[in-house]
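Tertiary structure, described
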Amino acid sequence: MRREPSSERPDWRERCESLGFGFHSMGGVYWDERACWRFSEHEIDHLEAVTEELHGMCLSVAADCVTRGDLERFGLSIAWMERVERSWRTHEPSLFGRFDLSWSGDGEPKLLEYNADTPTSLIEASVVQWDWLESVHPQADQFNSLHEKLIEHWPKVVGLRGADVHFACAGTSEEDAETLAYLADTAEQAGLRPHLLTIEGVGWNGSAFIGLNNEPIERLFKLYPWEWLAVEAFGAPLLRSPVQVIEPAWKMLLANKMLMVALWERFPGHKNLLAAGTMPHQVPGDRVRKPLLSREGANVSMYLGGQVFNAPGPYGAEGFIYQAAAPLPCVAGNHAVIGSWIVGDLAAGIGMREDDTPITTDAARFVPHYFV
Amino acid sequence: MANQRKRRRSSKIERGSIRGTVLAAGAVGALVIGGGLWLGGSEEPWSRDQYASKEDCQADWGGDSATCEQTGGVPSGGGSGATSGATSGVSPEITSGVTSEDSTSSSLTSSGNSAGHSSTTSNFSSGGGIRPLWFGPSYPMHDRDGALRQAWLGRSPSAGFAPGNRSIGRTAVSRGGFGSSSQSSSSHSSSSS
C-alpha cells in the first residue's frame, strides 16, 4: 500500500453535494482528494479476512462476557447490564460497525478500536469515494460494497418488508444528519419506510416512544451513543420499552474500549491485537491511554519514545484502558488509519482517514483509495 | 479469493431522494431532509388519560377497540398512593383516584444528564402484584373536550357510551428526553465516531 498524489477534480465540491455529502469541508478540509491510497489485491484480501476474523472474535467476547456476567467493568449499572444481557440473549440484530486498524502493508494489521455503536465516515466511504474512483481510476477497483451490503442487510435487521423505521440523531451535527439521511436512504431502497427526526424530537407518551405525529416508534435507528441514551431523561423507559433499537444494546460492550482488554484476555498474543490492560504496568513500553467511552480520539494520550501526545476532550471520568502503541503509517506528515467496515457478518469496505497528529481526531481528513 | 468476492459494484450507486442537513433550532432542533422540514417536537403539549380498566377508558372515548392501549405488566396492589417503579431507576408517581383534571406528571430520574423535562411513566403502583394500566388516545393538553367530541363523532350515546371523566390520572406526552448529552458535549459537534 502506498500514498500517491492525485489531482483534484475541478467539480469535486458539486459532485459531493449532489451525492448528499455536504460536510466535505468541515473543519477546513475533510474530503481530501489531493492524495489517494493505492493497495494491491492481496492486501485488500488480507484486510477483508482480518476484518471478518476480528468481527467473529468480538462476538465471541460479547458471548463470554454475557455468559460469565462479566459486565461490570464496562461501567454499566445493574439495570443496564440486564438490558445488555437481554439484548444479547434475544439475538437483537446488528447492522454495521467499523474497525480502526493500524497497518502499513507490512506485518499484520492491528486493531486500534471498534466503532461498534455509532460509526460514521460512512457516506464518504460508500458513495463519495466510489464516485471518485469512477472519475479518476475507472479501470481500477475499490474495496467497497457498503451500499449494496447495507441494502441487502436491512431486511435481516428489521425482519419485515415495508416496516416503519425511525431514524434519529442529535439535531446539532450536519455530519450526523447527512450520515443518517444516507442510512435512511439505504433502508428505503431495501423496501423499508424511514422516518427522520432529531433524537430530541423522540417523544414518550407514557407507554411508548412516539414519532413527530405521535405515532408509535417500533424500530429506532439512532446515530447517538447508547451510553448517552442510558443516562438521559428517557433512559429509564428505554430499559423496559419493547422498541427495537439499532444498533442493539449489546453493542455497548463492543463500543467500549474495555473490549480491547477483554479481547486480549480472550485471545492473548493474537496477531491482529495489541496488548491491553487496565493498568499501565500491564502494557510496558510505548502505549496509549484511552477513555472507555472516548470518540474521535478525544482524551487519548499516546506515549511514544518518551514523547507524549494528548488529544483534548470531555471524556475520562468513566475510566481508562492502556493499549500497546501501534503508530500509524505516516507519509509527508499524514498519519493514516484504516477504517474497515463490517455489515452484518461481512467485511464491506474501507475508508482512509489522515490526521496531522499520531492520534486520529475529529480533524482527520478522508482520503479515497483504490486497488489493482 | 478476490475474484470470487464482489468488490466492485456492477452498476452505479443510486442515491434515493433522501438528503439531510441540520438546523439548530433550540433544544429540540429540526432536521431538514430533502427540502422538507422535520421539526423535532411539537410546541403544544399533549396528554393521555390513564385508566384502571379498559372499560373505563372505552366508556370515556367511545368504545372503539383500537382507542385504548394497555401497557405492559405493572406493579399494583392493595393500598392507594404513589410508589416507585423500582428497578429501572424510574420513579413514577400517580395518584390513585384523581380525576382527569388533576393532571399527574412526575419526573423520570436517571443517574446522569437530564433534559429537565418531565413525564409520567406507565407504571401504576399502589402496593404489590401486577395489574394493567390503560391509556386513552393522545390529545392536545388544553383541548380534552374537543378530543372527546372528535372521538364521539358518529357514535350514538344509545350504544351505551357517554363521554366522561373516569381516568385515574394523566400523563404528558413529552419530548426532549433524549439529546441532553449532545448539548453538553460542546467540544465535539458529532456524537458519532
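Along each chain, the written sequence defines residue order, and numbers are assigned to residues from 1. Following the order in which they are written, the chains are lettered starting with A and the ligands numbered starting with 1. Totals for whole chains, interfaces and linings use every residue, but because this is a predicted model, local features are given only for residues with pLDDT of at least 70 and side-chain atom pairs only at 80 or more, for both listing and counting. The side-chain quantities take in all heavy atoms of the structure and omit both hydrogens and water.

**What to know about unusual backbone geometry**
Residue and element names in this part refer to chain A.
- In this structure, the amide linkage connecting Ile 246 to the following residue, Glu 247, adopts the cis form with an omega of -5 degrees.
- Counting through the fold element by element, Glu 247 comes out in the loop between strand E10 (244–246) and helix H9 (251–255).
- The phi angle at Ser 121 is positive, at roughly 65 degrees, despite the residue not being glycine.
- Strands here mean DSSP runs of E at least two residues long; helices mean DSSP runs of H or I at least four residues long; both are numbered from the N terminus. Its location among the elements puts Ser 121 in the loop between strand E4 (110–115) and helix H4 (122–136).
- The phi torsion at Asn 214 lies on the positive side, around 65 degrees, for a residue other than glycine.
- Asn 214 gets classed as buried once you look at its relative accessible area, which sits at 18%. Each residue gets one of three labels from its accessible area relative to the maximum for its type: buried under 20%, exposed over 50%, partly exposed in between, using a 1.4 Å probe on protein chains only.

**Examining the packing of H4(A) against helix H6 (residues 174–189) of chain A**
All names here are of chain A.
- Simply put, an axis is a line fit to the C-alpha atoms, just over the touching stretch for a helix, and the angle between two N-to-C directions goes from 0 to 180 degrees. Across the interface, H4 lies against H6 with an axial gap of 9 Å and an inter-helix angle of 60 degrees. The pairing of H4 with H6 is recorded here as oblique in orientation. When you trace H4 past H6, the crossing you get is left-handed. Between H4, through Leu 122, Ile 123, Ser 126 and Val 127, and H6, the contact on the second element is made entirely by Thr 179, Tyr 182 and Leu 183.
- Under the convention adopted here, Pro, Cys and the residues Ala, Val, Leu, Ile, Met, Phe, Trp and Tyr are nonpolar, Asp, Glu, Lys and Arg are charged, and Gly plus all remaining residues are polar. Residues belonging to the contact of H4 with H6 are distributed by class as follows: five nonpolar, two polar and no charged. By definition in this entry, angles of less than 35 degrees are roughly parallel, angles greater than 145 are roughly antiparallel, angles of 65 to 115 are roughly perpendicular, and the rest are oblique. With the far helix as reference, a near helix turned anticlockwise by less than a right angle produces a left-handed crossing, and one turned clockwise produces a right-handed crossing. We call two residues in contact when some of their heavy atoms are within 4.5 Å.

**Some points on the state of the cysteines**
- Criterion for a disulfide: a pair of cysteine sulfur atoms at a distance within 2.5 Å. Applying the stated criterion across every chain, the model contains one disulfide over all chains.
- With a sulfur-sulfur separation of 2.0 Å, B:Cys57 is cross-linked through a disulfide to B:Cys68. Here the disulfide of B:Cys57 and B:Cys68 is left-handed, its torsion about the S-S bond being about -95 degrees. With B:Cys57 in helix H1 (residues 54–61) and B:Cys68 in the loop between H1 and strand E5 (69–70), this residue pair connects regions lying eleven residues apart in the sequence.
- Classification of B:Cys57 by relative accessible area gives buried; the value is 0%.
- Cysteine A:Cys65 shares no disulfide, and the gap to the nearest cysteine sulfur, in A:Cys58, comes to 11 Å.
- Relative accessible area serves as the criterion here: at 1%, A:Cys65 is assigned to the buried category.
- Here A:Cys330 stays free of any disulfide, with the sulfur of A:Cys36 as its closest cysteine sulfur at 17 Å.

**Focus: the pairing of strand E15 (residues 320–324) of chain A**
Residue and element names in this part refer to chain A.
- The element E15 is largely enclosed, with a buried count of four among its five residues.
- Only strands joined by at least two bridges in the DSSP assignment are considered to pair. Here two bridges tie strand E11 (residues 276–277) to E15, and the two strands are oriented antiparallel to one another. Among the inter-strand pairings, Ala 276 is bridged to a residue of E15, identified as Gln 323.
- Looking at chain direction, strand E12 (residues 287–291) and E15 are connected through five bridges and run antiparallel. If you follow Arg 289 over to E15, its bridge partner there is Tyr 322.

Shape is all these values report; function is a separate question.
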